Amino acid sequence: VNADSSRYKDPWIAEVYDFAYVPTWGERDLPLWLALAQDNSGPVLELACGTGRVLLPLARAGFQVTGLDISPYMLAVARRKIEKEKPEVRSHIRVVQGDMRRFALEARFSLILIPYRSFHALLTRADQRGCLECCRRHLEPGARLAINVFHPRLSVLATPGGVDESPHEYPGPDGATIRQSGHTDYDLANQTLVWYAHYECIAPDGLVELHEHSTPLRYFFRFEMEWMLEACGFEAEALYGDFNRSAFQSDSPEMIFIAKRRE
Amino acid sequence: MTQEIGLYEDEWSAEVYDYHARSLGDLPFWQALAEESGGTAFELGCGTGRLLLPLARAGLRVTGLDLSPHMLAVAKRKLESEEPEAQARVCLMHGHMVHFSLDERFGLILIPSRNLQVLLSRHEQRACLECCMRHLRPHGRLAIDVFNPRLDWLSKPGGFDDGPDEFLGPDGATITHTAHTEADLANQTVASRWRYESRERGAKTAEHRYLIRLHYFFRFEMEWMLEACGFEVEALYGDFYRSPFASDSPETIFVARKGGGK
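Residues numbered from 1 in each chain as written. Chains lettered and ligands numbered in written order. Predicted model: local features only at pLDDT ≥ 70, side-chain atom pairs only at ≥ 80, totals over all residues. Heavy atoms only, no water.

Let's shift gears to the overall build of chain A. In terms of regular secondary structure, chain A is built from nine helices and eleven strands. In terms of C-alpha radius of gyration, chain A reaches 18 Å, essentially the compact-globule figure of 18 Å for 263 residues. Taken along the three principal axes of its C-alpha coordinates, chain A extends 55 × 50 × 30 Å. Burial status across chain A gives 54% buried among its 263 residues. (Helix = DSSP H or I, 4+ residues; strand = E, 2+ residues; numbered from the N terminus. Rg over C-alpha atoms; globule rule 2.2 N^0.38 Å. Buried < 20%, exposed > 50% of the residue type's maximum accessible area, 1.4 Å probe, protein only.)

This is how it looks when you write it as structure tokens:
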């Protein structure tokens, strides 16, 4: 157990990701990403594609997609899943290992997606700027960037001592049961949270394997995102508070920015 | 019920300001910054001269801009009772912080007392910072004080109350101030309803109500805004003693610099 290890560095998390997070988050964001891909016909790039949760449905719908991820373990799972797809779907997908703060691909895209809070992994303004500048370089003139971050709940951020994640169980790979619990601490001055997650993976024979991660994430506020996009050569075109494109409100769960490359 | 208007849009609130204003303890901070920066200091939202006059007394040349003619009238009256040398160092201007145009270029522009927070939209904030940029000398500095938002207050259902606090007004009446504030989290604004009740010999003699809308800023929002408007952040403090910014800091104070090229 390494106390300051991010979850992205553990091969085990890649193997359980589709069991641990895909069922709870579900497919709530897929219709929006599909609709955006439809509106911006042309190749799509997804940053932090992970195990292909978004990438595969986009490819199945006929879009040319490229997925970038820093974790070779997540990409290994994604590749395994891609191999099971039909040849024409497989021919639409490319996955690349790389860092979203500094990547250089030959291709240019008409849409870049940063779904499911991956942007929160960018802890410093230099990281955020690096990512947005890379995005700008990889977009066609006038093309779009879509970012989903969570909308911070001020009452949660202000909870003294942080917030506990109550223990819950779900089925894991190979017949195992996973018991997960956690705790989140907030650093208001630096707009950062640290998410401690504790997993007990109980194999069918009763053997228990422990995994612990401590993942720092940056949280963002609305106008901060708007200034950041502007400073990095984008113009915020729309801000939604959920995946049904509802107007952003005080109690919106999400912030979804659709930004256009400024010329 | 009395009509609710904006603060300092009437004579009464301007006349009462100096009697009600809590000492923010910020004068030494601004004075040191003005002395380091050289040249004339330019204050946006100078009001009744709370900072401007002591800075002039300390030997600094200062220009103050304010939107409220009532606040400027108080400032002018106070200025007339200063020593002639101090008077000669002060220039007062009526104008809006989102579009002003002066011939002079300054070594320091200060936006103290949370004055930037009256600008509710990014459009207005950008216009103000662009005006500042044009009025700074090469490498000149812009210093901004906003409050560090208290998340526990902002997230209180139904808003939060301030006061009652009591003080003696200009005509000797006892004035009680209370406020109720509600936050709009989606738009990062607070709306404060202020109520002043004046009493003489125990009997209520007057009531004045004001509505104040402020934008609250988060730390990195300010950093990106300054960068987007062409400034380089030089320092961030959490109070007027130049303490590092911390989660429980009362203030968010930025000192930013104009690049040499612009």
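What follows is about the overall build of chain B. Counting secondary structure elements, chain B contains eight helices and twelve strands. Dimensions of chain B along its principal axes, counting C-alpha atoms only, are 60 × 50 × 30 Å. Across chain B, every contact between residues at least 6 apart in sequence was considered, and the portion connecting residues at least 24 apart equals 65%. For chain B, the computed accessible surface area is about 11,800 Å², with 50% contributed by carbon and sulfur atoms. Seen as two clouds, the 29 positive and the 39 negative side-chain charges of chain B have centres 3 Å apart. (Contact = heavy atoms within 4.5 Å. Areas by Shrake-Rupley, 256 points an atom, 1.4 Å probe, with all protein chains shown as cover. Lys, Arg positive; Asp, Glu negative; His and termini not counted. Charge placed at Lys NZ, Arg CZ, Asp CG, Glu CD.)

Take the environment of lysine 204 of chain B next. Residues and elements named next belong to chain B. Inspection of the secondary structure puts lysine 204 in strand 10 (residues 203-215). With residues near it in sequence (within four places) discarded, lysine 204 still touches Arg195, Glu197, Ser198 and Arg199. A polar atom in the side chain of lysine 204 sits 2.8 Å from the side chain of glutamate 207. (Polar contact = N/O pair within 3.5 Å; in protein donor to acceptor, adjacent residues only side chain to side chain.)

Residue and element names in this part refer to chain B. Reading across from one edge, 1-10-9-8-7 is the order of the five strands in this open sheet, with mixed pairing throughout. Both outer strands of the open sheet, strand 1 (4-6) and strand 7 (160-168), are each paired with one neighbouring strand and no more. If you compare each strand with its neighbour and ignore which way they point, the axes differ by 25 degrees on average. The sheet contact formed by strand 1 and strand 10 spans three bridges and is parallel. Pairing of isoleucine 5 across the sheet is with tyrosine 210, part of strand 10. (Pairing = 2+ DSSP bridges. Axes fitted to C-alpha atoms, helices over the stretch in contact; angles between N-to-C directions.)

Below, the discussion takes up the packing of helix 9 (residues 222-231) of chain A against helix 8 (residues 219-228) of chain B. Running from N to C, helix 9 of chain A and helix 8 of chain B point in directions that differ by 25 degrees, and their axes come no closer than 8 Å. Looking at the two axes, helix 9 of chain A sits roughly parallel to helix 8 of chain B. Once helix 9 of chain A is placed against helix 8 of chain B, the crossing between them reads as left-handed. Each of Phe223, Glu224, Trp227, Met228, Glu230 and Ala231 of chain A in helix 9 of chain A lies in contact with helix 8 of chain B, whose residues at this interface are Phe220, Glu221, Trp224, Met225, Glu227 and Ala228 of chain B. Residue composition of the contact of helix 9 of chain A with helix 8 of chain B, by class: eight nonpolar, no polar and four charged. (Parallel < 35°, antiparallel > 145°, perpendicular 65-115°, else oblique. Left-handed = near helix turned anticlockwise from the far one by under 90°. Nonpolar A, V, L, I, M, F, W, Y, C, P; charged D, E, K, R; others polar.)

All names here are of chain B. Counted residue by residue, strand 12 (residues 251-258) has seven buried out of eight residues, so it is predominantly covered. By the bridge criterion, seven bridges tie strand 6 (residues 136-147) to strand 12 in an arrangement that is antiparallel. Along strand 12, the bridge assignment pairs alanine 143 with valine 255.

The full count for this structure, using the stated rule, is 23 aromatic pairs over all chains. Seen in terms of ring centroids, phenylalanine 29 of chain B and tryptophan 30 of chain B are 5.0 Å apart; in terms of plane orientation they differ by 80 degrees. Their pairing is edge-to-face. Accessibility assignment for this pair places phenylalanine 29 of chain B and tryptophan 30 of chain B in one class, buried. Cluster of aromatic residues (ring-pair linked, three or more members): Tyr186, Tyr219 and Phe221 of chain A together with Tyr216 and Phe218 of chain B. Over the ring of tryptophan 25 of chain A we find arginine 28 of chain A, and its NZ or CZ is 4.3 Å from the ring centre. Lying over the aromatic face of tryptophan 224 of chain B, arginine 125 of chain A brings its terminal NZ or CZ to 4.7 Å of the ring centre. (Phe/Tyr/Trp six-rings, centres within 6.5 Å; stacked < 30°, edge-to-face > 60°. Lys NZ or Arg CZ within 6 Å of the ring centre and 35° of its normal.)

Looking now at the nonpolar core. Formed by 67 residues in total, the largest nonpolar core has its most connected members in Leu47, Phe119 and Leu145 of chain A together with Leu44, Leu116, Leu142 and Phe231 of chain B. Those residues in contact with leucine 44 of chain B, other than ones at most four positions away along the chain, are Leu65, Met97, Phe100, Ile109, Leu110, Ile111, Pro112, Asn115, Cys128 and Cys132 of chain B. Counting residues in each nonpolar core, the second largest holds 37 residues, with Tyr21, Ile178 and Trp195 of chain A together with Leu7 of chain B among its members. (Core = buried A, V, L, I, M, F, W, Y, C linked by side-chain atoms within 4.5 Å.)

Moving on, we get to the packing of helix 1 (residues 11-20) of chain A against helix 5 (residues 72-83) of chain A. Residues and elements named next belong to chain A. The contact between helix 1 and helix 5 brings their axes to 8 Å, and the two run at 40 degrees. When the interaxial angle is binned, helix 1 and helix 5 end up oblique. Considering how the two elements wind past one another, helix 1 and helix 5 form a crossing that is right-handed. Here Pro11, Ala14, Glu15, Tyr17 and Asp18 of helix 1 lie close against helix 5, whose contacting residues are Tyr73, Met74, Val77, Arg80 and Lys81. Of the residues assigned to the contact of helix 1 with helix 5, the class counts are six nonpolar, no polar and four charged.

On to the sheet that holds strand 3 (residues 62-66) of chain B, then. Residue and element names in this part refer to chain B. Ordered in space as 4-3-2-5-6-12-11, the seven strands form an open sheet in which the pairing is mixed. Unpaired on one side and paired on the other, strand 4 (90-94) and strand 11 (231-237) mark the two borders of the sheet. Going from strand to strand, the sheet's axes swing by 20 degrees on average, the running direction of each strand aside. Here helix 4 (residues 69-80) sits on the sheet and contacts strand 3 and strand 4; the angle it forms with strand 4, its principal contact strand, is near 160 degrees.

Our next topic: helix 8 of chain B. Residues and elements named next belong to chain B. Counting buried residues in helix 8 gives eight out of ten residues, a clear majority hidden from the surface. Of the positions making up helix 8, those classed as buried are Arg219, Phe220, Glu221, Met222, Glu223, Trp224, Met225 and Leu226. Phi for glycine 230, located one or two positions after helix 8, is positive at around 90 degrees.

Next up on the list: the pairing of strand 4 (residues 109-114) of chain A. Residues and elements named next belong to chain A. Within strand 4, six of the six residues are buried, which leaves it mostly tucked inside the rest of the structure. As paired elements, strand 4 and strand 5 (residues 139-150) share five bridges and run parallel to each other. What sits directly across from phenylalanine 109, in strand 5, is leucine 139. Regarding topology, helix 7 (residues 125-138) serves as the crossover connection from strand 4 to the parallel strand 5, and that connection is right-handed. (Right-handed = clockwise from strand over helix to strand, strands pointing away.)

Residue and element names in this part refer to chain B. Taking 1.5 Å of rise per residue, twelve residues should cover 16 Å, and helix 4 covers 16 Å from first to last C-alpha, within 8% of that figure. Among the residues of helix 4, those classed as buried are Met71, Leu72, Val74, Ala75 and Leu79. Buried residues of helix 4 fall within an arc of 155 degrees about the axis and therefore sit on the same side. Buried positions along helix 4 lie against helix 1 (11-20), helix 3 (52-57), strand 3, helix 5 (84-88) and strand 4. (Expected span 1.5 Å × (residues − 1). Arc of directions from axis to C-beta.)

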